[in-house]
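Fold and contact review
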Amino acid sequence: MQALSYPDFLQAIDGILHESREGGRHCAALVVDFEGLADLDGVLGYAVVDDIVDHGASRLVEALQPSDLVGMVGRHQLACLLHDVPGEGHAVLAAHKALRVLTAPFVHGERRLVLAPRIGVALSKSSETGADQLLRNANSAMRQARLQREPVRMFERSADELLLLGIDLWSDLGGAIEDGGLFLVHQPQLDLVSGRIEATEALLRWTHPQRGPIRPDMMVQVAEGTGLMPRLTLWVFNTALRQCAEYRRAGLQAGISINFSADDIRDPEIVDLVAQGLDLWGIPASEVIIELTETAVMEGHPGALEALWKFKSMGLRLSMDDFGTGYSSMARLLQLPLDEIKIDMTFIRDMTTSPAHERIVDSIIGLGHRLGLSVVAEGVEDAATLELLRSLGCDTVQGYLVGRPMPLPELIDTLVKQPTDRPQESLRQAP
Ligand code: C2E
Ligand code: CA
Ligand code: CA
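Okay, so let's go over this structure. (Residues numbered from 1 in each chain as written. Chains lettered and ligands numbered in written order. Predicted model: local features only at pLDDT ≥ 70, side-chain atom pairs only at ≥ 80, totals over all residues. Heavy atoms only, no water.)

1. Thoughts on the site of ligand 1
Not every one of the 21 residues close to ligand 1 is listed here, only the nearest: Gln187, Arg205, Met345, Glu381 and Tyr400. Within the side chain of Arg205, an N or O atom sits 2.9 Å from an oxygen atom of ligand 1. Take Asp321: an N or O atom from its side chain is 3.0 Å from an oxygen atom of ligand 1. Among the elements that line the shell around ligand 1, the one with the most residues is strand E9 (residues 197–208), at four residues. Per-class residue counts for the shell around ligand 1 are ten nonpolar, four polar and seven charged. (Near = heavy atom within 4 Å. Polar contact = N/O pair within 3.5 Å; in protein donor to acceptor, adjacent residues only side chain to side chain. Helix = DSSP H or I, 4+ residues; strand = E, 2+ residues; numbered from the N terminus. Nonpolar A, V, L, I, M, F, W, Y, C, P; charged D, E, K, R; others polar.)

2. Quick word on the coordination of the calcium ion (ligand 2)
Protein ligation of the calcium ion (ligand 2) involves Glu201 (OE), Asn259 (OD1), Glu291 (OE) and Asp321 (OD), the donor distances falling in the range 2.2 to 2.3 Å. Mapping the donors of the calcium ion (ligand 2) onto the primary sequence gives the spacing E-x57-N-x31-E-x29-D. Between the calcium ion (ligand 2) and the calcium ion (ligand 3), both coordinated by Asp321, there is a metal-metal distance of 4.1 Å. You can see Glu291 sitting in strand E12 (residues 288–293) and its partner Asp321 sitting in strand E13 (residues 317–323), a full 30 residues away along the chain. Exposure class is identical for Glu291 and Asp321. Each is buried. (Donors = N, O, S within 2.8 Å, 3.2 Å for Na, K, Ca; no water. Buried < 20%, exposed > 50% of the residue type's maximum accessible area, 1.4 Å probe, protein only.)

3. Considerations on the environment of Asp267
Along the chain, Asp267 falls in the loop between helix H9 (262–266) and helix H10 (270–281). Along the primary structure Asp267 and Pro230 are separated by 37 residues, whereas in three dimensions their C-alpha atoms are 7.1 Å apart.

4. Focus: the side chain of Asp33
Within the fold, Asp33 resides in strand E1 (residues 28–35). For Asp33, the side chain forms a polar contact with the side chain of Gln77, separated by 3.3 Å. Among the polar contacts made by the side chain of Asp33, one reaches the side chain of Arg146 at a distance of 3.1 Å. With near-sequence residues (within four places) excluded, Asp33 lies in contact with His76, Gln77, Ala116, Pro117, Arg118, Met142 and Arg146. (Contact = heavy atoms within 4.5 Å.)

5. A few points about unusual backbone geometry
Within the chain, Asp84 stands out as a residue other than glycine whose phi angle is a positive 50 degrees. With respect to the helices, strands and loops of the structure, Asp84 is situated in the loop between strand E3 (77–82) and helix H4 (88–103). One non-glycine residue, Asp322, lies in positive phi territory at about 50 degrees. Relative to the assigned elements, Asp322 resides in strand E13.

6. Considerations on the sheet that holds strand E6 (residues 116–123)
On the basis of which strands lie adjacent, the open sheet formed by five strands has the order E2-E3-E1-E6-E7 and mixed pairing. Where the open sheet ends on each side, the last strands, each with one partner, are strand E2 (69–74) and strand E7 (152–154). Between one strand axis and the next, the sheet turns by 20 degrees as a mean value, whatever way the strands run. Sheet analysis places E1 next to E6, joined by eight bridges and oriented antiparallel. Bridge assignment links Val32 to a residue of E6, and that residue is Ile119. (Pairing = 2+ DSSP bridges. Axes fitted to C-alpha atoms, helices over the stretch in contact; angles between N-to-C directions.)

7. Here's the deal with the pairing of E6
Within a regular strand, side chains alternate between the sheet's two faces. Within E6, seven of the eight residues are buried, which leaves it mostly tucked inside the rest of the structure. With three bridges joining them, E6 and E7 adopt parallel strand pairing. By the bridge assignment for E7, Ile119 is matched with Val152.

8. Quick word on the pattern of salt bridges
Here the structure, examined in full by the defined rule, presents 18 salt bridges. With its nearest N and O atoms 3.3 Å apart, the salt bridge here joins Arg25 to Asp84. Here the residue Arg25 occupies a position in the loop between helix H1 (6–22) and E1, and Asp84 occupies one in the loop between E3 and H4, the gap between them amounting to 59 residues. What makes Asp84 partly exposed here is its relative accessible area of 44%. Note that Arg75 and Asp41 form a salt bridge whose closest N and O atoms lie 2.9 Å from each other. Residue Arg75 is located in the loop between E2 and E3, and its partner Asp41 is located in helix H2 (residues 37–44); the two are separated by 34 residues in the primary sequence. Salt bridges sharing common partners tie together Glu201, Glu291, Lys342 and Glu378. (Salt bridge = Lys/Arg side-chain N within 4 Å of Asp/Glu carboxyl O.)

9. Quick word on the packing of H2 against helix H3 (residues 46–63)
Relative to each other, H2 and H3 sit at 135 degrees, their axes nearing to 7 Å. By the angle between their directions, the pair H2 and H3 is classed as oblique. The residues of H3 that touch H2, namely those facing Leu37, Leu40, Asp41 and Leu44, are Tyr46, Val48, Val49, Ile52 and Val53. Split by residue class, the contact of H2 with H3 holds eight nonpolar, no polar and one charged. (Parallel < 35°, antiparallel > 145°, perpendicular 65-115°, else oblique.)

10. A short note on the state of the cysteines
With the rule as written, the count across this model stands at zero disulfides. Residue Cys27 stays outside any disulfide, its sulfur separated by 13 Å from that of Cys80, the closest cysteine. (Disulfide = S-S within 2.5 Å.)

11. Quick word on the packing of helix H8 (residues 229–249) against H10
Direction vectors running N to C along H8 and H10 enclose 25 degrees, while the axes themselves pass 9 Å from each other. Taken together, H8 and H10 sit at an angle that is classed as roughly parallel. The way H8 lies across H10 gives a crossing that is right-handed. For the pair H8 and H10, contact is made by Leu234, Phe237, Asn238, Leu241, Arg242 and Ala245 and by Leu273, Val274, Gly277, Leu278, Leu280 and Trp281, respectively. The class makeup of the residues in the contact of H8 with H10 is nine nonpolar, two polar and one charged. (Left-handed = near helix turned anticlockwise from the far one by under 90°.)

Note that all results are geometric; they support no functional claim without further evidence.
What follows is the structure, encoded as structure tokens:
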């Protein structure tokens, strides 16, 4: 059996779906996309890339059951229809089988190319699922897999809604970066030794004209899945530095902490862009902290590690965000030029009521200090937690108790213009 063209494939699926419905059986569709294949067009030529996709289709034909169908649904996309699938588990198993044959190297001349397929899976559960809808569902699961950087993903309706939102956000976010709509808020960080606000964390906000406020983690997910992240971060970085310069001029002598994602530190231009930003806004590098999550730095992209060391040599400080929630290996941690770790708020929230959480926080602070790192606790909401953290030797706290994330004018108002009401004063340790 050969891979079918799209119209033949669609027609064949329609027939099969009809038969299965009559017999009370289910079918499943897989949609396979190859990440980065479009980039190879320019390097290897269109004909070679088409050849690779054809070859992938033949592998699928061999690997699947003779009654299953394989078709082309786009230049870099293949789809399969699986006959008579008892349930989701079977469909996912078949997807993993497809993944295995497609991740085996493709040989082209001297080269061995290893592709990164993303596979979306959807089941024809109801009589309403026609061929077109089934493929759309599998396609949407495939895009979700791409967003989440997973090889295989099952279609879920809620994820589909998220994805639709993602598409809207993607088209609007590009515009918002260019012409406003985005803004930053700053959350103060209190140094427990000096009793001063030594830095603020810049956090991204976006009020969408129709949808209202969009959660920043959602924005980051969309930006990461659509390649917008470096542009978005560049906007955040420059805006954060400009606003930092502004509050320093207003009398708040504090640095600034800025969140970077895995995509940013892989961007080959990032080091130069950061250097230009520092120059432009006149903020000393030592006052700027780059926050990265464990997952971002643990992915082990060689260019990323190099960028971190360059940041370090420029005098910037590096912080590991959400510490304790990722999958750090200690060996890897020691390779990173870190200055700070931020204990995730899930540990902080329960530390006054759960001795186990308190012990974890105590150990992280000990570990951080032994590695020569400064330790920040996030999500501090009450005075009892702050006092406990102080007694454990934590260096800095951030959380609603010290201050909520606020726009620049409010930050200046609370921290500079109303000195009697300064949170850092009231939280300073009694002599
Ligand atoms: P994060 O970096 O861990 O940021 C801290 C989050 O905790 C913020 O949520 C902040 O508002 C919230 N928070 C701070 N203090 C408290 C507290 O006392 N209690 C509770 N319950 N929450 C507190 P936010 O602003 O919604 O940001 C969520 C996440 O979105 C951030 O988590 C970060 O991962 C991401 N993010 C935000 N802005 C940016 C950005 O500019 N770039 C990137 N790459 N990611 C960003
Ligand atoms: Ca952060
Ligand atoms: Ca965090």
